[in-house]
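Each chain is listed here by its residues.
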Amino acid sequence: MSQPRNGTTPGDVEEIHWPSLVAAVSSISAVGIAIGLGLPLLSIILEKRGIPSTLIGLNTAMAGIAAMAAAPVTTKLAHKYGVAPTMIWAVVISAISALGFYYARDFWMWFPLRFAFHGATTTLFILSEFWINAASPPSKRGFVLGIYATVLSLGFAGGPLLFSILGSDGILPFAVGAGAVLLAAIPIYIARYESPVLEEKPELHFMRYVFLVPTATAAVFIFGAVEAGGLALFPIYAVRASFTEAQAALLLTVMGIGNVIFQIPVGLLSDQMKDKRPLLAAMAFMGLIGALMLPVLVHSWLLMAAILLFWGGCVAGLYTVGLSHLGSRLTGSDLAAANAAFVFCYAVGTVAGPQVIGAAIDVAGNNGFAWAIAGFFGLYALLSAVRLLFLRKRA
């Protein structure tokens, strides 16, 4: 595969590049379906094989480790081989490893397979988000990223639905997952000459990009921590609060609906703001208030559902607006490297969130769930307020 002969230079677009948008969004939504299908599928199969829950959790944690390992090298690969070719290779590796789980009978083999699958999908996330940012005019970037986040959320929601239909027996669920990933290569190949060109290497070391736009990278860290920890431990919190398992599942569904329906409106709102940081701070404050209200409203399913509907939109909005803020500040190879740092911080959050929230429940009882999430939002709200105040004083 060769470097694209033509391409988009990030930051120079005036209209939405629809082939690029379709390629990036459809590819990552296919990956979302595969991940949404794969996570419950693999856990159920390991449970059936008698693997202890601790080892299942350790194997699942390879996803975050793989993401942290892949993020620093993704930009280098894209610079050397091109964005579209790197994405196509990542698609192939993801599909092969997804199918490989069916044939890997020894448990130890699932560790390198997890690493390969999630490392490759991390590469797809980084480069698709970079591509979307590059193909979006500044005035419509939030709207475009809202579409991206909405479709991705639908992809993640579609995976468990497929799992409920296909079950865990035989090769079919693995083949469907691998096939969904392979389909992502088609729009990427069609739009390969529109993929952004990285003409120069990033100017800074990878870790410098983590701190170059701290409002964005901190936002996605909080999003990863609250999303991973909240989704994993909310059913436990709800059941201990006297809800049934079905009611807890419905509350998670309501939160997911909020995630989906608010992304485009939040993106459109961010397009009206030259500086995205006040919006990020506002969503963090709303997330903080929502978390603090959970213990108060825990006796009413309807009130909990109403709060979680808006709360889900606030949590996911941190990702969408944080990504938009990143695109408004950087261009070219710097944007690609910062996108990698962005996904790296998300991966760190997904590892830290469940640990902190789980420990808080053990130490403070059931309401430790809400206090820990409030702590995450509170830290980000404080960071945002301090930075806005500091920048205003400097101005």
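Residues numbered from 1 in each chain as written. Predicted model: local features only at pLDDT ≥ 70, side-chain atom pairs only at ≥ 80, totals over all residues. Heavy atoms only, no water.

### Overview of the nonpolar core
Working step 1: Membership of the largest hydrophobic core comes to 125 residues, with the highest contact counts inside it found for Trp131, Tyr148, Phe234, Trp311, Leu318, Phe369 and Phe377.
Working step 2: If you tally residues by element for this core, the top one is helix 1 (residues 18-48), at 14 residues.
Working step 3: Residue assignment places this core across two domains, with domain 1 (16-201) and domain 2 (205-390) each supplying three or more. (Core = buried A, V, L, I, M, F, W, Y, C linked by side-chain atoms within 4.5 Å. Buried < 20%, exposed > 50% of the residue type's maximum accessible area, 1.4 Å probe, protein only. Helix = DSSP H or I, 4+ residues; strand = E, 2+ residues; numbered from the N terminus. Domains from an automatic or database assignment.)

### Topic: the environment of leucine 297
Working step 1: Take leucine 297: it is sitting in helix 12 (residues 277-297).
Working step 2: Between the C-alpha atoms of leucine 297 and isoleucine 307, which are ten residues apart in sequence, the distance is 8.8 Å.

### So, the packing of helix 1 against helix 5 (residues 141-166)
A pair of packed helices is characterised by two quantities: the angle between their axes and the separation of those axes.
Working step 1: Where helix 1 contacts helix 5, the two axes come as close as 7 Å, and the packing angle between them is 30°. By the criterion of interaxial angle, the relationship of helix 1 to helix 5 is roughly parallel. Of the two elements, helix 1 crosses helix 5, and the hand of that crossing is right-handed. Contact with helix 1, carried on its side by Leu21, Val25, Ile28, Ser29, Gly32, Ile33, Ile35, Gly36, Leu37, Pro40, Leu41 and Ile44, involves Val144, Tyr148, Val151, Leu152, Gly155, Phe156, Gly159, Pro160, Leu162 and Phe163 of helix 5 and no other residues of that element.
Working step 2: The class makeup of the residues in the contact of helix 1 with helix 5 is 17 nonpolar, five polar and no charged. (Axes fitted to C-alpha atoms, helices over the stretch in contact; angles between N-to-C directions. Parallel < 35°, antiparallel > 145°, perpendicular 65-115°, else oblique. Left-handed = near helix turned anticlockwise from the far one by under 90°. Contact = heavy atoms within 4.5 Å. Nonpolar A, V, L, I, M, F, W, Y, C, P; charged D, E, K, R; others polar.)

### Focus: the packing of aromatic side chains
Working step 1: According to the stated counting rule, one finds 14 aromatic pairs in the structure shown.
Working step 2: Aromatic pair tyrosine 102 and tyrosine 103: ring centres 5.0 Å apart, planes at 85°, arrangement edge-to-face.
Working step 3: You can call tyrosine 102 partly exposed: its relative accessible area is 23%.
Working step 4: For the pair phenylalanine 107 and phenylalanine 111, a centre-to-centre distance of 5.2 Å together with 75° between the ring planes defines the contact as edge-to-face. Each member of the pair phenylalanine 107 and phenylalanine 111 is classed as buried. (Phe/Tyr/Trp six-rings, centres within 6.5 Å; stacked < 30°, edge-to-face > 60°.)

### Points about the domain arrangement of the protein chain
Working step 1: With domains assigned, the protein chain is organised as domain 1 (16-201) and domain 2 (205-390).
Working step 2: The C-alpha-based centres of domain 1 and domain 2 are spaced at 22 Å.
Working step 3: Taken together, the contacts link 28 residues of domain 1 with 28 residues of domain 2.
Working step 4: Summing the contributions of domain 1 and of domain 2, the shared interface buries around 2300 Å²; its carbon and sulfur component is 71%.
Working step 5: Sorting the residues of domain 1 by area buried against domain 2 places Met68, Glu129 and Phe130 first, and these three jointly supply 20% of that buried surface.
Working step 6: Linking domain 1 to domain 2 there are seven residue pairs in polar contact (both at pLDDT 80 or more).
Working step 7: If you list the elements that add at least two residues to the side of domain 1 that touches domain 2, you get helix 2 (53-81), helix 4 (110-135) and helix 5.
Working step 8: Broken down by element, the residue count for the side of domain 1 that touches domain 2 peaks at eleven residues, all from helix 5. (Buried area = accessible area lost by both parts, 1.4 Å probe. Polar contact = N/O pair within 3.5 Å; in protein donor to acceptor, adjacent residues only side chain to side chain.)

### A short note on a nonpolar patch on the surface
Working step 1: On the surface, a nonpolar cluster with roughly 250 Å² of combined accessible area is contributed by Val73, Leu77 and Tyr81.
Working step 2: Note on placement: valine 73 falls in helix 2. (Patch = residues over 30% accessible without salt bridge, like charges linked within 9 Å, V, L, I, M, F, W, Y side chains within 5 Å. Areas by Shrake-Rupley, 256 points an atom, 1.4 Å probe, with all protein chains shown as cover. Salt bridge = Lys/Arg side-chain N within 4 Å of Asp/Glu carboxyl O.)

### As for the side chain of serine 29
Working step 1: Looking at the secondary structure, you find serine 29 in helix 1.
Working step 2: For serine 29, a relative accessible area of 13% corresponds to the buried category.
Working step 3: Serine 29 has contacts with Val151 and Gly155, leaving out every residue within four places of it along the chain.

### Remarks on helix 1
Working step 1: For helix 1, spanning 31 residues, the distance from its first C-alpha to its last is 45 Å, which sits close to the expected 45 Å at 1.5 Å a residue.
Working step 2: At glycine 38, helix 1 is bent by approximately 25°, the largest bend along its length, and proline proline 40 sits one to four residues beyond.
Working step 3: Remark: glycine 50 follows helix 1 within two positions and exhibits a positive phi of approximately 85°. (Expected span 1.5 Å × (residues − 1). Bend = angle between axes of the 7 residues up to and from the residue.)

### Quick notes on helix 13 (residues 301-329)
Working step 1: A rise of 1.5 Å per residue sets the reference length of helix 13, with its 29 residues, at 42 Å; its end C-alpha atoms lie 42 Å apart and thus fit the reference within 8%.
Working step 2: Taking the largest bend as the criterion, helix 13 deviates by roughly 30°, centred on glycine 317.
Working step 3: Among the 29 residues in helix 13, 21 count as buried, and that is most of the element.

### Here we look at unusual backbone geometry
Working step 1: Look at serine 242: it is not a glycine, yet its phi comes out positive at around 85°.
Working step 2: Among the secondary structure elements, serine 242 is positioned in the loop between helix 9 (214-240) and helix 10 (245-261).

### Some thoughts on the pattern of salt bridges
Working step 1: If you walk through the whole model with that rule in mind, you get two salt bridges.
Working step 2: A salt bridge links lysine 48 to aspartate 169, with the shortest nitrogen-to-oxygen separation between them at 3.4 Å. Within this pair, whereas lysine 48 is found in helix 1, its partner aspartate 169 is found in the loop between helix 5 and helix 6 (172-183), the two being separated by 121 residues in sequence.
Working step 3: For lysine 48, a relative accessible area of 55% translates into the label exposed.
Working step 4: The shortest N-O distance in the salt bridge between aspartate 275 and arginine 277 comes to 2.9 Å.
Working step 5: Judged by relative accessible area, which is 15%, arginine 277 ranks as buried.

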